[in-house]
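# Topology and contacts: notes
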Amino acid sequence: MTGQTPDHQIAVSFELFPPKTEAGLKTLARTVDHLEAAAPEYFSVTYGAGGSTRDRTAKVVDMVGGRTGLPVAHHLTCVGASRAQIDEQAKELWASGIRKIVALRGDLPEGESLAEDGYHDAAELVAGLRNVADFDISVAAYPEVHPEAASAQSDLDHLKRKLDAGASRAITQYAFDTDTVLRFIDRARDAGITAPIVPGIMPVANFASLKRFSQGCGASIPDWMEEMFAGLDDTPEMRAMVATSVATQQCQRLMAAGVDAFHIYTLNKPDVSLAICRALGLPVRAVTECAA
Ligand code: FAD
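Calculation criteria
Residues numbered from 1 in each chain as written. Predicted model: local features only at pLDDT ≥ 70, side-chain atom pairs only at ≥ 80, totals over all residues. Heavy atoms only, no water. Helix = DSSP H or I, 4+ residues; strand = E, 2+ residues; numbered from the N terminus. Rg over C-alpha atoms; globule rule 2.2 N^0.38 Å. Buried < 20%, exposed > 50% of the residue type's maximum accessible area, 1.4 Å probe, protein only. Contact = heavy atoms within 4.5 Å. Areas by Shrake-Rupley, 256 points an atom, 1.4 Å probe, with all protein chains shown as cover. Pairing = 2+ DSSP bridges. Salt bridge = Lys/Arg side-chain N within 4 Å of Asp/Glu carboxyl O. Core = buried A, V, L, I, M, F, W, Y, C linked by side-chain atoms within 4.5 Å. Near = heavy atom within 4 Å. Polar contact = N/O pair within 3.5 Å; in protein donor to acceptor, adjacent residues only side chain to side chain. Nonpolar A, V, L, I, M, F, W, Y, C, P; charged D, E, K, R; others polar. Phe/Tyr/Trp six-rings, centres within 6.5 Å; stacked < 30°, edge-to-face > 60°. Lys NZ or Arg CZ within 6 Å of the ring centre and 35° of its normal.

It is worth spelling out the overall build of the protein chain at this point. Along the backbone of the protein chain there are ten helices and nine strands. In terms of overall size, the protein chain behaves like a compact globule, its C-alpha atoms giving a radius of gyration of 18 Å where 292 residues would be expected to give roughly 19 Å. Counting only C-alpha atoms, the protein chain reaches 50 × 45 × 40 Å along its principal axes. Here the protein chain, with 292 residues, has 50% of them falling under the buried criterion. Within the protein chain, contacts between residues at least 6 apart in sequence are counted, and of these 77% link residues at least 24 apart. As presented, the protein chain carries roughly 13700 Å² of accessible surface, and 51% of it is formed by carbon and sulfur atoms.

In spatial order, the strands read 7-6-5-4-3-2-1-9-8; together these nine strands make up an open sheet with parallel pairing. The open sheet terminates on both sides in strands that have one partner only, identified here as strand 7 (197–198) and strand 8 (200–201). Sheet topology note: the strand 8/strand 9 (residues 261–265) ladder contains two bridges and is parallel. Note that in strand 9 the partner of Gly 200 across the bridge is His 263.

One pass over the full model with this rule turns up twelve salt bridges. Connected through shared salt-bridge partners, Lys 100, Asp 136 and Arg 169 make up one network.

The next point concerns the nonpolar core. Counting 89 residues, the largest nonpolar core has Leu 129, Leu 159, Phe 229 and Phe 262 as the members making the most contacts within it. Examining the composition of this core, we find that seven residues originate from one element, helix 9 (residues 236–256), more than from any other. Beyond its immediate chain neighbours, meaning those up to four positions away, Phe 262 contacts Ile 10, Ala 11, Val 12, Ser 13, Val 198, Pro 199, Ile 201, Cys 251, Leu 254, Met 255 and Leu 280.

With that settled, the discussion passes to the site of the ligand. Taken together, 22 residues are adjacent to the ligand, and Tyr 47, Asp 107, Tyr 142, Asp 155 and Lys 162 come closest. The contact in question runs from a nitrogen atom of the ligand to an N or O atom on the backbone of Tyr 47, over 2.6 Å. Here Asp 121 contributes a side-chain N or O atom positioned 2.9 Å from a nitrogen atom of the ligand. For the ligand, the protein covers 84% of the area, taking 960 Å² as the surface of the free molecule. Among the secondary structure elements, those contributing two or more residues to the shell around the ligand are strand 3 (72–77) and helix 5 (152–164). Here the shell around the ligand takes four residues from helix 5, the largest share from any one element. Of the residues contributing to the shell around the ligand, the split by class is nine nonpolar, seven polar and six charged.

To continue, consider the packing of aromatic side chains. Tallied over the entire structure, the rule returns six aromatic pairs. An angle of 25 degrees between the planes, with centres 6.5 Å apart, marks the rings of Tyr 174 and Phe 213 as stacked. A residue pair is termed long-range when its members are at least 10 positions apart, and Tyr 174 in the loop between strand 6 (169–172) and helix 6 (178–190) and Phe 213 in helix 7 (residues 207–217) qualify at 39 residues. Classification of Tyr 174 as buried rests on a relative accessible area of 2%. Taking 6.2 Å as the distance between ring centres and 75 degrees as the angle between the ring planes, the aromatic pair formed by Tyr 174 and Tyr 265 counts as edge-to-face. Pair noted here: Tyr 174 is in the loop between strand 6 and helix 6 and Tyr 265 is in strand 9, with a separation of 91 residues, a long-range link. Clustering of aromatic rings is evident, with ring pairs tying together Tyr 174, Phe 176, Phe 213 and Tyr 265. The lysine or arginine in question, Arg 99, covers the ring of Trp 94, its NZ or CZ lying 3.6 Å from the ring centre.

Time to look at the side chain of Thr 248. Within the secondary structure, Thr 248 is located in helix 9. The class for Thr 248 is buried, based on a relative accessible area of 7%.

Written as structure tokens, this is what we have:
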């Protein structure tokens, strides 16, 4: 049992990251036009810890909202900023029409410590944001346990604190082992967490960089995936088909257990994300030309 309702229309949200260049922004605009074909519930745009992408994130949020008319969630991290700075930024976001925030602590650069006058974790950030305005807030959850957690139980307790502080849902870090995701949802329900838990789905693109990134964030790569993607680095079309199949099967198993929403880490590419949505039965319009 997952405690989530079965037999329903699924909802998807698409995560984007802010490109570094104007050319990248133009490509992303085309990607967004394609992704809109799946009628996502909302888009979300990541934010560099320490505010490193502050202007670029804001620009992408504006661009996506302007092009699609759909809600856009602004990710916000609190490391490296004082409470007053975050509160001020949150007021500005509210004034500019942002209503959805993915509230995160973020990762400190090596050797740095949290600002004394800052929010110390995402639970404090959520409480701070709730004091500023009536944002719809999502927080991060970790089916494979956050690398800094003292234990799986303390990780779950911390997730509950974030939700109790006023977040509406948890979005999970991707985890390729579906049993791990299902067990995590069950444990969360047993711990009294009733808010929606939206699994994050990672369509595999470059397998080598996925492995590097996964080591850093505590997501494991099962052996069967190593085997499945071995030798596909130079055959992007076959890799995309396999990636679609792997993610679709994961979503189908989760749906059979009652999950009704997915957060897709698009990596700013439309093709595999859209193919997954179509395979899951979403009425995705056919797209004739996809950005590479
Ligand atoms: P927290 O939940 O505050 O803490 C992380 C972990 O540390 C907790 O799970 C818990 O185990 C432990 N912990 C922290 N405080 C306490 C406490 N007081 N008591 C007990 N345990 C504690 N990073 C970015 O830089 N930009 C992004 O846009 C971004 N988007 C993300 C979106 C999603 C959906 C996910 C899953 C992650 C994202 N991240 C992003 C990564 C995230 O910033 C890192 O995982 C970071 O290390 C932790 O952030 P958090 O909000 O989970 O922190």
